[in-house]
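Listed below are the residues making up each chain.
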Amino acid sequence: MTKYLFILSFLILSSTTYAQNYKFGKVSKSEVAQKQHDKDPDANAAILYKYQRTYYDYKQNTGFFVVTEYHERIKIYNKDGFDWATHHISAYKGGYEENVSGVRGVSYNLENGKVEETKLDRKDIYENEASKYRELTTFTMPAVKEGTVIEYEYKKISDRITTSMDRINLQYTIPIDKLNISVTIPEYLNFGVYNNPKAAFYAKINQGTKPFKRSFSNNQRNSSYGGKVVSHSTSNSVLDYMQNTYEIDQEDIPALKTESHVDYMENYAAFLDWELKFTKFPNSPIDNYSQTWEGVSKSIYNDSGFNTELHNQRFFDDDIDALLGTLTNQEQKMNKIFNFVKQKMTWNDYVGYIAENGLRDAYEEGIGNTGDINLLLVSMLKYANIDANPVLVSTVSNGTPLFPTKNGFNYLIAAAKIGDKVILMDASDPLAIPGELPKRARNWQGRLIREDGTSEWVNLQPLYFSENKTRLNVQLAEDGISGKYFNNLDALYARNFRLNHGNLSDATANLESASSNYSISEVKIENFEQLGEGIHNTYEFNTQSGQDVIGDKIYVKPMLFDVTSENPFKAETRTLPIYFDFPMKKHHQVNMLIPEGYEVESLPQSAMVHLKDAAGEFKYLVKHSNNVIRIDSEVNLAQTIFAATDYEYIQKFYDNIIKKQNESIVLKKISADGLEERADSGR
Amino acid sequence: MENADAVVRKMHTKLVVEDIDKVVVYTTRIVTVFNENGEYFIDAYQHYDEGDGIEKQQAIIVDAMGNEVEKFRKKDFSDVSAFGSGTLFADNRVSYLDYNARNYPYTVIYTSEFENEDTVFLDQWFPLEGYNVSIEESIFELENPDAHALRFQENNFDKVSIEDHSVENHFLYKLQNVKARKHEDFEPSLRRTTPSLLFSLEKFELKGVAGETRNWKHFGKWMYDNLVAEHDHLPESTIKKIEELTSSASSIEEKARLIYQYVQENTRYISVQYGIGGWEPETAMNVDRLGYGDCKGLTNYTKALLKSQGVESYYTVIYGGNSKRHINPDFTIMQGNHVILNIPTEHGIDLWLECTSQTTPFNYMGDFTDDRYALRVTEEGGEIIRTRKYEVSDNVQAIECDIQLDENGNFDAEFIRISEGIPYGDRYGLKRETEDDLKKYYRNEWGRLQNLHFENIAFEDDRVAIQFQEKLKFSGSRLASPAGERLLVPLNFIQQGNIMKKTSQERTMPFVFERGKTYKDHFSFKIPQGYKIEALPGSDEIASEFGEFSISISASEENKSIEVERVLIIHEGEWPSEQFQNFTQFIDKVNTLNNLKAVIAKSEKS
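About the cut-offs
- Residues numbered from 1 in each chain as written.
- Chains lettered and ligands numbered in written order.
- Predicted model: local features only at pLDDT ≥ 70, side-chain atom pairs only at ≥ 80, totals over all residues.
- Helix = DSSP H or I, 4+ residues; strand = E, 2+ residues; numbered from the N terminus.
- Buried ≥ 20, exposed ≤ 12 C-beta atoms within 10 Å, placed from the backbone.
- Contact = placed C-beta atoms within 7 Å.
- Domains from an automatic or database assignment.
- Nonpolar A, V, L, I, M, F, W, Y, C, P; charged D, E, K, R; others polar.
- Pairing = 2+ DSSP bridges.
- Axes fitted to C-alpha atoms, helices over the stretch in contact; angles between N-to-C directions.
- Core = buried A, V, L, I, M, F, W, Y, C linked by C-beta atoms within 7 Å.
- Parallel < 35°, antiparallel > 145°, perpendicular 65-115°, else oblique.
- Left-handed = near helix turned anticlockwise from the far one by under 90°.

(A) Main features of the overall build of chain B. The number of helices and strands found in chain B is ten helices and 38 strands. Projecting the C-alpha coordinates of chain B onto the three principal axes gives extents of approximately 100 × 75 × 40 Å. Across the 606 residues that make up chain B, the buried fraction comes to 35%. Looking at chain B alone, contacts between residues at least 24 apart form 71% of all its contacts between residues at least 6 apart.

This is the structure:
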């Protein structure tokens with residue numbers, strides 16, 4: 001009973017405390033006086049109020065246009081929050097026009113117990129042309145100090161009305177205290193609205209309707225065929241329709257916090273995406289926009305010129321004939337063509353599924369976007385009678401689409417079917433081989449589309465293991481350690497090695513200086529430039545400080561410089577899923593020769609650790625025979641995505657690896673009467 | 001072509017002095033690029049101001065077979081604001097070649113003609129342009145038909161053979177065939193080791209304002225009169241506020257301290273580059289109104305506030321950066337990239353204020369502006385002065401730490417670290433971090449320590465004494481590694497001042513440490529119940545001209561703890577390449593001693 005009362009009184013109290021006035025200019029003294037955020041005391045700044053109102057209006061001559069009004073009130077708690085005082089408003093110029101107007105801003109500070117206002121001066125607002133398609137309006141608020149509240153508003157008018165609505169962001173790296181979104185759309189346009197399912201915060205959307213009514217007087221000129229004006233007439237017309245409304249009125253949206261091993265942070269922020277399902281204008285039939293992935297794929301195939309592009313093969317046929325000669329083996333032909341395209345074409349860093357430059361021009365220029373390059377690859381494969389098709393992809397930064405839409409794809413790769421194997425290819429990546437995709441293209445799933453308009457999903461994630469095998473042959477002595485290192489990398493490990501080191505001479509130099517305590521010499525790297533082949537590294541190493549000689553004993557960690565000594569998962573808790581790049585096997589074998597005059601005093605014990613559902617395992621095996629100690633350490637990870645709730649297991653798994661690998665071998669000097677002593681200890 | 005990412009086949013800069021407000025710069029630059037890194041050396045760009053002075057600009061791309069692949073005319077060059085996205089507004093622009101390479105190697109033939117009316121900025125000659133680039137031919141030519149007064153300064157001309165073909169009023173310097181080389185660890189900046197030719201007109205113009213570079217006094221006077229003077233008016237209300245604020249302060253230092261605090265609390269840094277060639281500060285009036293400015297505006301504003309209370313201070317131009325780069329004291333020309341404030345005091349020790357930071361303590365320079373020549377701009381003229389130096393004994397990091405071990409090798413630690421001098425600057429920002437970020441910071445810094453859990457993290461920031469104290473209580477796993485019944489205890493609990501060195505590199509360049517550092521540690525390891533100390537390594541010390549190291553290891557009286565005292569001093573200095581071998585020997589020895597371990601074992605009977 002008392003508990004109940006307490007909650008009730010708390011509610012009443014809090015509702016009075018938070019009675020805020022959100023009108024522009026009505027910043028309260030308590031907002032300016034606030035020293036830290038009450039729910040997130042670490043926040044450098046907070047959005048006290050975010051308001052966005054989007055509605056459609058109508059002009060007689062030009063028709064519908066979209067108006068969006070923005071208003072934000074931001075509290076800056078400390079110096080690290082100052083960046084929130086600078087704002088860039090981006091407006092599109094090009095196929096349609098966006099115009100920014102009515103920029104107004106005020107900073108509020110407490111001076112001698114009174115709220116003092118400083119206005120943003122027009123001449124301190126800068127307009128820059130950021131690119132051909134984008135104009136930036138930039139301003140930073142005046143008189144900003146620790147504790148300042150800033151407020152600004154502006155209006156954006158766009159003459160683009162159909163097919164799409166911009167994403168509305170609902171979460172930032174600082175908390176939002178009060179969120180007020182209102183979107184009003186004429187009944188003629190039917191939109192679906194979606195929350196980001198990956199976000200921890202879901203906005204509650206209240207839907208309703210509202211009428212729109214306006215009368216116009218028309219001054220009409222009727223003209224004849226020849227264009228001559230024959231009569232004027234004035235008529236009155238009334239525009240009268242219903243509008244669908246979407247409102248969000250919510251409080252306390254927490255800040256988005258970054259974590260390691262995440263595929264792409266922004267994909268976890270809360271936002272709303274809009275899907276145009278159909279249009280129904282008066283006196284016109286319903287125009288369906290709502291789509292299936294099948295339909296999206298088909299329309300991309302038809303609208304983006306794939307068909308024409310893929311059938312014009314005349315500009316390259318001689319080159320491919322010369323390239324392939326009398327080859328008949330499908331796989332050999334595929335490899336030849338893939339390498340040919342990779343060599344011939346340079347990626348211009350633009351993504352896209354449309355062949356932006358057109359295959360012919362791109363081929364002649366030797367440069368193109370991902371659409372140009374990989375469609376060209378498909379076309380050439382087809383020419384060589386290989387069953388090849390384009391695959392639509394959404395890059396990691398494009399995220400996972402919430403509904404079937406063309407915007408859900410922004411990239412294109414090629415697929416070839418040889419026998420019953422489907423091989424995916426991306427010739428925009430100079431390091432890739434058939435079957436390997438760059439990280440940007442390994443997201444969600446791909447949609448393979450065939451010439452007849454049918455399509456299907458294909459998996460983009462590597463399902464095979466990539467292996468990293470190391471063998472250390474170690475010679476231990478009192479005054480140092482020397483030995484030989486052998487390392488084999490295959491598949492994506494080899495790819496990463498090439499990616500990280502750039503070229504052979506850098507790779508050699510990097511290996512030479514890989515360890516500060518060991519001198520490394522005779523570095524040999526095989527197959528660095530032979531893409532698709534495993535990489536073999538060998539070198540010799542020696543050091544004076546890899547072992548500890550204390551008293552009559554030698555202590556040494558068997559994996560030497562190759563030991564994992566830091567846990568990649570350091571944080572105590574986790575909220576986002578954990579991503580690993582690919583399934584992997586990491587194997588170390590150490591063969592250590594016991595120095596003359598020493599014997600084993602103690603060895604680490606063998607151990608084995610499993611992750612549940614065979615997601616991963618760690619094996620550590622220790623063997624000792626005659627004067628050789630052999631250690632095998634194997635880490636396998638079959639699963640690449642783990643839920644945040646599995647974090648503790650992953651962290652412990654790594655902790656076990658580190659613990660085991662860091663145990664020392666202890667060797668002891670055999671004393672002069674060693675034989676007897678050994679017999680003694682053998683009891 | 002060993003080590004080369006690119007070859008500069010030809011770099012020919014020709015300046016024709018037509019008048020003191022018109023120098024035409026003709027550039028021909030031919031660069032062959034071997035790989036992506038080599039694209040850095042294409043350098044096909046031209047800076048300019050709103051009034052476009054680029055008369056001609058063209059680039060031709062030639063492939064490995066010598067065929068022309070592409071031609072860029074002036075309009076094909078990309079034209080952007082010369083400052084990055086961190087800048088709110090700037091009117092300086094740059095027109096540059098944006099070429100997307102298809103195949104390597106390729107050659108870029110770049111030519112341009114630029115009419116420079118701001119003759120205070122003139123091209124200087126730095127023929128050795130960087131690492132991993134070979135130079136086949138680099139020419140600097142100057143025609144001065146009307147014999148305008150000008151001056152040269154040759155630096156490091158003895159290091160390579162430079163041909164001087166100058167005849168009266170026509171100067172020509174040439175350098176040929178210098179092989180590419182790699183960067184070597186700790187080598188001094190290229191500016192200090194490679195040849196350069198500085199050059200200036202005795203009479204110049206900047207945005208139509210004429211001046212002279214006769215000497216620093218003269219040039220400084222010009223800067224004062226044209227850029228700084230009359231920029232220090234303030235609103236009456238602000239003057240009154242400052243008057244009240246400083247009413248009880250008597251000394252210059254006290255007043256300056258209060259005013260600096262006021263500036264830090266009421267302004268912030270925003271880069272806004274306009275005015276005379278980006279060199280004119282925003283007026284104090286405007287900075288007061290807006291509450292932001294760049295280094296020039298904020299320095300000038302602070303100066304104005306000080307002046308309103310009768311404290312004289314000076315606008316001082318400097319090169320900011322970790323590497324100590326000087327304003328060349330012997331050659332008067334527009335130099336520097338940053339502005340700070342210099343305040344002389346009653347007792348002859350100058351105060352220095354970094355006005356762009358809201359967090360730097362009063363009179364703290366750190367490694368951004370310490371110990372280098374700067375230009376002090378006064379009403380009487382310019383003066384070269386040297387900023388404050390932090391000595392090896394000033395730059396102290398001292399750790400005092402108790403470590404309780406348990407029988408699994410896990411530990412609980414109570415840790416205090418005090419940072420002073422330059423290291424203070426690396427640490428005092430910690431107190432503004434969130435708890436999560438602090439945990440991340442320490443977990444990364446002490447990556448060797450496993451499973452760190454922090455019970456308490458506290459800081460004391462003495463901003464007057466410039467001393468930052470970190471006080472931590474934390475625990476972790478497996479510090480001591482098990483070896484059967486024994487535990488190996490690494491005696492260097494937290495490694496301070498590690499110097500990483502690359503092995504097997506041929507040394508051709510001198511090496512330099514620009515600042516001395518002192519690291520002092522005391523670690524006290526309490527061993528677990530039922531354990532005894534089985535073996536302790538001996539104490540040791542090393543001394544060399546590069547630094548000193550000592551470690552003393554002892555067991556406490558009751559054998560319950562191991563006491564470790566460690567001191568590492570790295571001296572400031574520059575040494576010739578031949579000494580590098582000795583230096584690495586010193587570092588190897590230090591690293592070996594840093595890795596010492598003690599052995600503790602279960603007592604026979606427990």
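Additional details are given in the paragraphs that follow.
(B) Seen up close, the domain arrangement of chain A. All names here are of chain A. On domain assignment, one finds that chain A holds domain 1 (2–279), domain 2 (293–459) and domain 3 (466–669). Between domain 1 and domain 3, the residue contacts involve six residues of the former and six residues of the latter. Here the residues of the side of domain 1 that touches domain 3 sort into three nonpolar, one polar and two charged.

(C) Molecular detail of the sheet that holds strand β20 (residues 314–318) of chain B. Residues and elements named next belong to chain B. Ordered by their spatial adjacency, five strands build an open sheet running β22-β21-β20-β23-β24, and the pairing between neighbours is antiparallel. Strand pairing shows two members of the sheet lacking a second neighbour, β22 (351–353) and β24 (381–386), which therefore form its edges. On average, each strand axis in the sheet is inclined to that of its neighbour by 35°, with strand direction left out of account. Pairing between strand β23 (residues 373–378) and β24: six bridges, direction antiparallel. Within the sheet, the bridge partner assigned to A374 lies in β24 and is I385.

(D) The arrangement of helix α5 (residues 317–324) of chain A in detail. With zero of eight residues buried, α5 of chain A lies mostly on the surface of the structure. Just downstream of α5 of chain A lies G325 of chain A, where phi reads positive at about 55°.

(E) Geometry of the sheet that holds strand β12 (residues 162–164) of chain B. All names here are of chain B. The strand order across the open sheet formed by eight strands is β5-β4-β9-β2-β1-β10-β13-β12, and the pairing between neighbours is mixed. Of all the strands in the sheet, just β5 (68–72) and β12 have a single pairing partner and so form its edges. Across the sheet, the axes of successive neighbouring strands diverge by a mean angle of 10°, strand direction being ignored. For strand β2 (residues 22–33) and strand β9 (residues 106–116), the ladder comprises eleven bridges, and the chain directions are antiparallel. By the bridge assignment for β9, T32 is matched with T107.

(F) Up close: unusual backbone geometry. We note that D613 of chain A has phi near 55°; this positive angle belongs to a residue other than glycine. Checked against the element boundaries, D613 of chain A lands in the loop between β32 (607–610) and β33 (616–625). In this model, N156 of chain B sits at a positive phi of 55°, which is unusual for a non-glycine residue. Among the structural elements, N156 of chain B can be located in the loop between β11 (150–155) and β12. Residue N156 of chain B is classed as partly exposed on the basis of its C-beta count, with 15 C-beta atoms lying within 10 Å.

(G) How the structure looks around the nonpolar core. One finds L405 and V489 of chain B to be the most contacted residues of the largest nonpolar core, which totals 59 residues. Of all the elements, helix α10 (residues 580–594) of chain B adds the most residues to this core, at six residues. Not counting residues within four places of it along the chain, the set of residues in contact with L405 of chain B comprises F411, L479, A480, V489, F525, K526, I527 and P528 of chain B. Grouped together as the second largest cluster of nonpolar side chains are 44 residues, V296, L376, V391 and I449 of chain A included.

(H) Structural context of the domain arrangement of chain B. Residue and element names in this part refer to chain B. Per the domain assignment, the segments of chain B are domain 1 (6–201), domain 2 (214–386) and domain 3 (396–602). One C-alpha centre belongs to domain 2, the other to domain 3; they are set 39 Å apart. At the interface, eight residues of domain 2 touch seven residues of domain 3. In terms of residue class, the side of domain 2 that touches domain 3 is made up of three nonpolar, three polar and two charged.

(I) Structural detail: the interface of chain A and chain B. The interface is formed by 44 residues belonging to chain A together with 44 residues belonging to chain B. Among the secondary structure elements, those contributing two or more residues to the side of chain A that touches chain B are β7 (134–140), β25 (519–526), β27 (548–550), β31 (598–602) and α11 (647–661) of chain A. In terms of residue class, the side of chain A that touches chain B is built from eleven nonpolar, 20 polar and 13 charged.

(J) Structural detail: the pairing of strand β34 (residues 628–637) of chain A. All names here are of chain A. With burial as the criterion, only one face of β34 is covered, namely that bearing I629, I631, S633, V635 and L637; the residues V628, R630, D632, E634 and N636 on the opposite face remain uncovered. Taken together, the ten bridges between strand β30 (residues 584–593) and β34 define a ladder with antiparallel strand orientation. The partner of H587 across the bridge, within β34, is E634. Relative to β34, β33 runs antiparallel, the two sharing ten bridges. Counted as the bridge partner of L621 is D632 from β34. Counting the residues that bridge the hairpin from β33 to β34 gives two residues, and of these N626 lies at a positive phi of roughly 50°.

(K) Representation of the packing of helix α6 (residues 330–344) of chain A against helix α8 (residues 370–383) of chain A within the structure. Residues and elements named next belong to chain A. Their axes nearest at 10 Å, the elements α6 and α8 cross at an angle of 150°. Taken together, the axis directions place α6 and α8 in an arrangement best described as roughly antiparallel. Relative to α8, the crossing made by α6 is right-handed. Contacts between α6 and α8 involve M334, I337, F338 and V341 on the former and, on the latter, I373, L376, L377, M380 and L381. Split by residue class, the contact of α6 with α8 holds nine nonpolar, no polar and no charged.

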